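# Structural overview
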Amino acid sequence: MNAKLHKKDFRHIRDHWLSVVFRLTDVVVSSGILPLLLSWEGIAWQNEFFWLMAAVGLTTTIVMHVFNLYCPWRQAHPIGELRIIVMGWLVVAAVLLGLLYFSGAMHLPRYVVALWIVEAPLAMVVVHWSLRASLRLLRRRGVNTKTAVVIGAGDLGVRLLETLNKADWMGIRVKAF
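This structure is a prediction, so every number in the text was calculated from the model and none was measured.

## Here's the deal with the nonpolar core
With 31 residues, the main nonpolar core has Leu-34, Leu-52, Val-56, Trp-89, Leu-96, Leu-108 and Trp-116 as its most contacted residues. Of all elements in the fold, only α2 (17-41), α3 (47-66), α4 (78-102) and α5 (110-140) reach the threshold of two or more residues within this core.

If you want it as structure tokens, here you go:
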């Protein structure tokens, strides 16, 4: 077996740095809501909460990966991302409720768990949409762009060129026509 990596493999890694950023923010948001809720409600911190936070962060990353949340969303509508976050979070919430039910050591008030289940996906959506808006702004300024070549000088090729030039937020720069 040849252990030599191809140039394509490195490009694949380089192109997915955004995926790593989104994964890390999802872990921080999904598990970081709990300490905020506990301090807001005046509930004392217990060591079991750390393990719960770690399990939720790991579960969020795995479930959202399975639901393809970390694929490129350059041309997709934001509602599709919202749908995936909500569906994936329902699975994470089911795992969370299972952990809380089967481990008698974790005593969280039900309203804190309910707030967590509602607020975490809302915060994830806000963070995702904020990052996407930032990326669109950067693409308009020429950062994080893709290059394209339009083949065909007919009506369809001209319309495609005009569409790509007008949609600068997509970050697709036409190099040749």
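Having seen it, we continue.
## Points about the packing of α3 against α4
Following both chains from N to C, one finds α3 and α4 inclined at 145°, their axes separated by 9 Å at the closest point. When you trace α3 past α4, the crossing you get is right-handed. Judged by residue contacts, Leu-52, Ala-55, Val-56, Thr-59, Thr-60, Val-63 and Met-64 of α3 engage Ile-84, Ile-85, Gly-88, Trp-89, Val-91, Val-92, Val-95, Leu-96, Leu-99 and Leu-100 from α4. Along the lines of polarity and charge, the residues of the contact of α3 with α4 split into 14 nonpolar, 3 polar and no charged.

## Looking at the packing of aromatic side chains
For the coordinates displayed, the defined rule picks out 3 aromatic pairs. Ring plane angle 75° and centroid distance 5.3 Å describe the contact between Phe-50 and Trp-51, whose orientation is recorded as edge-to-face. Seen from their ring centres, Tyr-101 and Phe-102 are 5.0 Å apart, and the 80° between their planes marks the pair as edge-to-face. For the residue pair Tyr-101 and Phe-102, the accessibility class agrees, reading exposed in each case.

## Things to note about the confidence of the model for the chain
On average, residues of the chain score 81 in pLDDT, and 87% of them reach the 70 mark or higher. Taken as a whole, residues 1-11 scores under 50 in pLDDT and shows 1 contact with residues more than four places along the chain or in a different chain.

## Focus: α5
Taking 1.5 Å of rise per residue, 31 residues should cover 45 Å, and α5 covers 45 Å from first to last C-alpha, within 8% of that figure. Val-112, Val-113, Trp-116, Ala-120, Pro-121, Met-124, Val-125, His-128, Arg-132, Leu-135 and Arg-139 are the residues of α5 that are buried. Next to the buried residues of α5 lie α2, α3, α4 and β2 (172-176). Directly after α5, the chain includes Gly-142, whose backbone phi takes a positive value near 95°.

## A few points about unusual backbone geometry
Phi is positive for Asn-68, which is not a glycine, with a value near 60°. Mapping Asn-68 onto the fold places it in the loop between α3 and α4.

## Considerations on the pattern of salt bridges
Here the structure, examined in full by the defined rule, presents 1 salt bridge. Salt-bridge contacts for Glu-81 lead to Arg-132; the nearest nitrogen and oxygen are separated by 3.1 Å. One end of the pair, Glu-81, is in helix α4; the other, Arg-132, is in helix α5, with 51 residues separating them in the sequence.

## Overview of the environment of Ser-39
Position of Ser-39 among the secondary structure elements: in helix α2. The class of Ser-39 is exposed, set by a relative accessible area of 54%. At 3.1 Å, the side chain of Ser-39 and the backbone oxygen of Leu-36 are in polar contact.

Each value, and the rule that gives it
- Residues numbered from 1 in each chain as written.
- Predicted model: local features only at pLDDT ≥ 70, side-chain atom pairs only at ≥ 80, totals over all residues.
- Heavy atoms only, no water.
- Core = buried A, V, L, I, M, F, W, Y, C linked by side-chain atoms within 4.5 Å.
- Buried < 20%, exposed > 50% of the residue type's maximum accessible area, 1.4 Å probe, protein only.
- Helix = DSSP H or I, 4+ residues; strand = E, 2+ residues; numbered from the N terminus.
- Axes fitted to C-alpha atoms, helices over the stretch in contact; angles between N-to-C directions.
- Left-handed = near helix turned anticlockwise from the far one by under 90°.
- Contact = heavy atoms within 4.5 Å.
- Nonpolar A, V, L, I, M, F, W, Y, C, P; charged D, E, K, R; others polar.
- Phe/Tyr/Trp six-rings, centres within 6.5 Å; stacked < 30°, edge-to-face > 60°.
- pLDDT = per-residue confidence, 0-100.
- Expected span 1.5 Å × (residues − 1).
- Salt bridge = Lys/Arg side-chain N within 4 Å of Asp/Glu carboxyl O.
- Polar contact = N/O pair within 3.5 Å; in protein donor to acceptor, adjacent residues only side chain to side chain.

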